[in-house]
Amino acid sequence: MAFSRRNFLKYAAMSAGGAVLADTPFISAEARAKAEGGNVKYVPTSCEMCFWKCGAVAKVVDGKVVKLEGNPFHPQSRGKLCARGQAGIGQLYDEDRLKHPMILDGPRGEGKYRKASWDEALTLVAEKMKAIAEKHGPEAIAMMSHGSPGDYFTNVLKAMGSRNIAFPSFAQCKGIRDVAWELTFGHKPGSSCERVDMENSRVIVLLGTHLGENMHNSQNQEFAEAVSRGAKIICVDPRYSTAASKSAFWLPIKPGTDTALLLAWINIVISEELYDKEYVEKYTVGFDEVKEAVAEYTPEWAAQETELPMRQIVEAVRELCRYAPNVVVHPGRHYSWYGNDTQRARAVAILNALLGTWGRKGGMWLPAKAKFASFNDGNPAYPEASKPPVIKGNFPFAGGEGVTQALRDTTINGKPYPIKAWLVAGTNLMKSLPDQRLTREAIDGLDFFVAIDLFPTETVMLADVILPECTYLERHDGLFKIKTREAGVAIRQPAVEPMYETKPAWWIGSELCKKLGLKEYAVKGDGMDAWEDRMRRQAEAWGVDFEQLSKHTGYVTIPDSEKPYITEDNPPVFGTFSEKIELYSEELEGEGFDPVPQYEPVEQPPKNMFRLIYGRSPVHTFSRTINTQWLWELHKENEVWLNKKEAERLGIKNGQYVVLENQDGIRCNRIKVKATERIRQDCVYMVHGFGHNAPRLSRANKSGADDQQLISKYIEDPITGGTGMRVNFVKIIKEA
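So, here is what we can say about the structure in this document. Given the structure is predicted, the values throughout are model-derived calculations rather than measurements.

## A look at the overall build of the protein chain
Step number 1: For the protein chain, the count of helices and strands is 23 helices and 29 strands.
Step number 2: What you see for the protein chain is a C-alpha radius of gyration of 25 Å, in line with the 27 Å of a compact globule of 736 residues.
Step number 3: Across its three principal axes, the protein chain shows a C-alpha extent of roughly 70 × 65 × 55 Å.
Step number 4: Counting the 736 residues in the protein chain, one finds 63% classified as buried.

## Things to note about a negative patch on the surface
Step number 1: A cluster of acidic residues, Asp-288, Glu-289, Glu-292, Glu-586 and Glu-589, forms a negative patch at the surface.
Step number 2: When residues of the negative patch are traced back to their parent elements, those giving at least two are α11 (287–294) and α20 (586–590).
Step number 3: Broken down by element, the residue count for the negative patch peaks at 3 residues, all from α11.
Step number 4: With respect to the element layout, Glu-289 can be found in helix α11.

## A word on the environment of Thr-209
Step number 1: Here Thr-209 lies in the loop between β10 (203–207) and α8 (217–228).
Step number 2: Overall, the relative accessible area of 10% leaves Thr-209 in the buried class.
Step number 3: The spacing of Thr-209 and Asp-237 is 28 residues in sequence and 8.1 Å in space, taken between C-alpha atoms.
Step number 4: Once residues lying within four places of it in the same chain are set aside, the contact partners of Thr-209 are Ala-243, His-330 and Gly-332.

## Section: the packing of aromatic side chains
Step number 1: Here the structure, examined in full by the defined rule, presents 20 aromatic pairs.
Step number 2: Ring centres of Trp-181 and Phe-185 lie 5.1 Å apart, and the angle between their planes is 25°; this geometry places the pair in the stacked category. Remark: Phe-185 and Trp-181 occur in helix α7 (residues 168–185); sequence separation between them is 4 residues, near one turn of the helix.

## With respect to the sheet that holds strand β19 (residues 487–491)
Step number 1: Strands sit in the order β18-β19-β20 across an open sheet of 3 strands; the sheet is antiparallel. Either end of the sheet is taken by a strand with one partner, and the two such strands are β18 (479–483) and β20 (555–557). Strand-to-strand twist across the sheet, computed as the mean angle between neighbouring axes with direction ignored, equals 25°.
Step number 2: Where β18 meets β19, 5 bridges bridge the pair, whose relative direction is antiparallel. Bridge pairing in β19 links Phe-480 to Ala-490.
Step number 3: Seen against the sheet, helix α18 (residues 530–542) touches β18 and β19 and runs at an angle of roughly 40° to β18.

## What about the environment of Glu-600?
Step number 1: Checked against the element boundaries, Glu-600 lands in the loop between α20 and β22 (610–615).
Step number 2: In this structure the C-alpha to C-alpha distance between Glu-600 and Lys-672, which are 72 residues apart in sequence, comes to 34 Å.

## Some thoughts on the pattern of salt bridges
Step number 1: Applying the stated criterion across every chain, the model contains 53 salt bridges.
Step number 2: Across the salt bridge formed by Arg-344 and Asp-341, the nearest N and O atoms sit 2.5 Å from each other. Here the residue Arg-344 and the residue Asp-341 both occupy positions in helix α14 (residues 341–354), the gap between them amounting to 3 residues, near one helical turn. Each member of the pair, Arg-344 as well as Asp-341, carries the same accessibility label: buried.
Step number 3: Taken together, the salt bridges that share partners define one network made up of Arg-78, Asp-197, Glu-199, Glu-222, Glu-225 and Arg-485.

## Quick look at the nonpolar core
Step number 1: Within the largest apolar cluster, 75 residues are counted, with the highest numbers of intra-cluster contacts made by Ile-234, Leu-251, Trp-265, Ile-266, Leu-320, Leu-351 and Leu-354.
Step number 2: The dominant element in this core, judged by the number of residues it contributes, is helix α9 (residues 258–271), at 10 residues.
Step number 3: With residues up to four places along the chain from it excluded, the contact list for Leu-320 reads Val-203, Val-205, Ile-234, Val-327, Val-329, Leu-351 and Leu-355.
Step number 4: One finds Ala-133, Ala-140, Val-465 and Ala-505 within the second-largest nonpolar core, a separate group that totals 56 residues.

## Here's the deal with the packing of α9 against α14
Step number 1: Contact geometry for α9 and α14: axes closest at 9 Å, N-to-C directions at 20°. With respect to α14, the axis of α9 lies roughly parallel. Both α9 and α14 take part in a crossing whose hand is left-handed. Judged by residue contacts, Asp-258, Thr-259, Leu-262, Trp-265, Ile-266, Val-269 and Ile-270 of α9 engage Arg-344, Ala-347, Val-348, Ile-350, Leu-351 and Leu-354 from α14.
Step number 2: Grouping the constituent residues of the contact of α9 with α14 by class yields 10 nonpolar, 1 polar and 2 charged.

## As for α11
Residues that lie three or four places apart on an α-helix share one face, since the helix turns once every 3.6 residues.
Step number 1: Three or more residues of α11 are buried, namely Phe-287, Val-290, Ala-293 and Val-294. Buried positions in α11, seen along its axis, are confined to an arc of 130° and lie on one side of it. Turned more than 90 degrees away from the buried face of α11, the exposed residues are Asp-288 and Glu-292.
Step number 2: Contact partners of the buried residues in α11: α9, α10 (277–283), β13 (284–285) and α14.

## A few points about the sheet that holds strand β9 (residues 165–166)
Sheet strands pair via backbone hydrogen bonds, and the direction of the pair is either parallel or antiparallel.
Step number 1: Here 7 strands make up an open sheet; going across it, the order is β7-β6-β17-β16-β15-β8-β9 and the pairing mixed. For this open sheet the edge positions go to β7 (113–115) and β9, each flanked by a neighbour on one side alone.
Step number 2: Bridge analysis of strand β6 (residues 102–104) against β7 gives 3 bridges, and the strand direction is antiparallel. Bridge pairing links Met-102 to Lys-115 in β7.
Step number 3: Along the sheet, helix α6 (residues 149–160) makes contact with β8 (141–145), β9, β15 (421–425) and β16 (448–453), crossing β8 at roughly 165°.

## Some details on the side chain of Glu-222
Step number 1: Inspection of the secondary structure puts Glu-222 in helix α8.
Step number 2: For Glu-222, a relative accessible area of 4% puts it in the buried group.
Step number 3: In contact with Glu-222, other than residues within four places in its own chain, are Arg-78, Val-196, Asp-197, Met-198, Glu-199, Trp-365 and Arg-485.

## Focus on the packing of α9 against helix α13 (residues 310–322)
Step number 1: Taken N-terminus to C-terminus, the directions of α9 and α13 make an angle of 60°; their axes are 10 Å apart at the nearest point. By the criterion of interaxial angle, the relationship of α9 to α13 is oblique. Seen from above, α9 lies across α13 with right-handed handedness. Two secondary-structure elements touch here, α9 through Leu-261, Trp-265, Ile-268 and Val-269 and α13 through Ile-313, Val-314, Ala-316, Val-317 and Cys-321.
Step number 2: By residue class, the composition of the contact of α9 with α13 is 9 nonpolar, no polar and no charged.

## Looking at the pairing of β19
Step number 1: Among the 5 residues in β19, 5 count as buried, and that is most of the element.
Step number 2: Burial along β19 is two-sided: the residues Ala-487, Val-489 and Ile-491 and Gly-488 and Ala-490 are all buried.
Step number 3: Alignment of β19 against β20, held across 3 bridges, turns out to be antiparallel. Bridge pairing links Val-489 to Val-556 in β20.

Conventions we followed
Just so you know, the residues in each chain are numbered from 1, in the order the chain's sequence is written. The predicted nature of this model means local features are confined to residues of pLDDT at least 70 and side-chain atom pairs, given and counted, to a pLDDT of 80 or more, with totals for whole chains, interfaces and linings taken over all residues. Only hydrogens and water are set aside when side-chain values are computed; all heavy atoms of the structure are taken into account. Secondary structure elements are defined from DSSP: runs of H or I of at least 4 residues count as helices, runs of E of at least 2 residues count as strands, and each element is numbered from the N terminus. Only C-alpha atoms enter the radius of gyration, while the globule expectation follows 2.2 Å times N to the 0.38, with N the number of residues. We call a residue buried when its accessible area falls under 20% of the maximum for its residue type, exposed when it is over 50%, and partly exposed in between, using a 1.4 Å probe and counting protein chains only. A patch is a set of surface residues, each over 30% in relative accessible area and not in a salt bridge, joined within 9 Å for like charges and within 5 Å for the nonpolar side chains Val, Leu, Ile, Met, Phe, Trp and Tyr. Note that accessible areas follow from Shrake-Rupley with a 1.4 Å probe, and for residues the cover is restricted to the protein chains shown. Should a side-chain nitrogen of Lys or Arg be within 4 Å of a carboxyl oxygen of Asp or Glu, the pair is scored as a salt bridge. Counted charges follow a simple rule, with Lys and Arg positive, Asp and Glu negative, and His plus the chain ends left uncounted. Throughout, a charge is located at the NZ atom of Lys, the CZ atom of Arg, the CG atom of Asp or the CD atom of Glu. Contact criterion: two residues are considered in contact whenever any of their non-hydrogen atoms come within 4.5 Å of each other. Between rings of Phe, Tyr and Trp, where Trp is taken as its six-membered ring, a pair exists when centres lie within 6.5 Å; planes separated by under 30 degrees are stacked, by over 60 edge-to-face, and by other angles tilted. Being paired, for any two strands, means DSSP has found at least two bridges between them. Lines fitted to C-alpha atoms define the axes, with helix axes restricted to the stretch in contact, and inter-axis angles between N-to-C directions lie between 0 and 180 degrees. In these notes, a set of buried Ala, Val, Leu, Ile, Met, Phe, Trp, Tyr and Cys residues joined through side-chain atoms within 4.5 Å is what counts as a nonpolar core. Angle categories are assigned with fixed cut-offs, so that under 35 degrees is roughly parallel, over 145 is roughly antiparallel, 65 to 115 is roughly perpendicular, and the rest are oblique. In a left-handed crossing the near helix is turned counterclockwise from the far helix by less than a right angle, and in a right-handed crossing that turn is clockwise. Residues are grouped as follows: nonpolar covers Ala, Val, Leu, Ile, Met, Phe, Trp, Tyr, Cys and Pro; charged covers Asp, Glu, Lys and Arg; every other residue, Gly included, is treated as polar. Note: the arc covers the axis-to-C-beta directions of the helix.

Geometric values such as these leave the question of function open.
What follows is the structure in structure tokens.
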């Protein structure tokens, strides 16, 4: 039976509430297809409606995908898919997709293109890239990306000799957090997924982490399980979020003061001797320095800074300590808030260390133990970059994913050398980077701009050449290392052939290498089977049964890789210089930064303005899915949350449309007001990703308001280059 639109909306609405996700019984994909008979097949693959890489199973009838299910063998999905995962069919069959290569046929930005063949488009791209490299050097070509297509074009740029490659996931999202935890533990807290043992936690602290709204599948399943068995939730958030509604303690903190609260908590933990003394003695360095540094951050002081009752501050942390070490202060994910965010993330890491949560049941599990053989399929080493990349700016701890705005700045000012061409793959820069004016200025100054994507977004429609990638349901994408409590390998493979004239990113990158005279870096072999053949070689190198992956389970476990907790024969390994948890960071001190976090007040909203904060929808991934048919029907437009008293003071009714104007005089599209007591009076909130200004996105265009448009101001974190974006203020203007 096909999965009807009515059933989809029913299940999706349930999952949007964070309580129930569509569940799937499952046997071998091949066996299941044989049992059903007819022209039916089940294809195990990996979802890409967000970047969690859930295991999915596509049911294909008569060559058409009719249903997507969660793969029960896969630890990221556990047999369930969220609304977005189930709506992948909508992305596949969306009439708004890019259908064939296009070449600009008019001034940049006017949206006039002509259809081109792949050979013509790729030949033009290669000629332009070679000309720019010959005139300015290969480093004059830069790439920005998000998701799997970045791998293939990273290969192209490195083969040419450019290392100017950056991903918004660092400076505009989680890179700040990762650096802080590496400085403290010598390890990142995990990405997809965070190594948070919520299913065994007694107390979970969330600081601005919107579980249930930020719908990462397995993590939300664990959170729901934790809530159902009585784990206490401490939610620190100026907004009464979905997670806050499940909490024992909701701390409606004054925006920008989270570090003050954390430092006071650390002080209480130390001064009341609530920390894990044996753990701290055995695994940490710098305790005495931390004790001295936080002594000034008293609960009385924190109450004034955070505008939280002192009693609530103290009771919450004592409750946390009561159940330690089987507790966790969630490391969070999106961290680019105020421009001093690395130290906030350091404070979270230090608090976890003092409570002994790393490697403890209910805390942070240890990385899975697995070694994968190196595999590059015999490709030669990349040539050395002729000039150092600019992607780290002047930020000493910027990570390898690069600082996007540093790349943008260099493109505008030409210093220390010119950047003349961009390849942008799978990311809508106009909706992800702060200050759209600068992004547009950089693009307007380029000699050449190529976009590889699925849809005609705002950024894509500024390109000189548009190369249409096929969706994840139409392509192979290599074998994925999956690292949860255990290590495993998962596959992405096509359920159906690519529609229209679209191509997989691996093919586009490989053909571009050939056109550039870099055939040695192209995929070995010809035809559309070349990448699958490479995957088979990769599986053999890793000792994985490819047939099992592709025909039966879609995921295989690496045996004996799961060792999540500290035991006598499984001691923790810290990748720091001291090989211990570094509460006091000599690395930071060596670069002139505070070795222990200190509190820095942030600018407060001017009179009659509100701080703009933003978040996620459980049925959307950034701006990527707003146009997806079923998801758009579930959530068509965003609202601006405004405290009910402020709404009354301003004479604004619930449901009334208004316009927001920020401190730079920039106005957004009209947006509906949600007048509520669930948010503080000094800030307003809206879901990110709406308000497209892309006419070819028939559903998303002009639907809701664009928060990114209002984020014209940002403060760079001096340690990592992360862009603090919650530093913008807006006033509310009634529609005429």
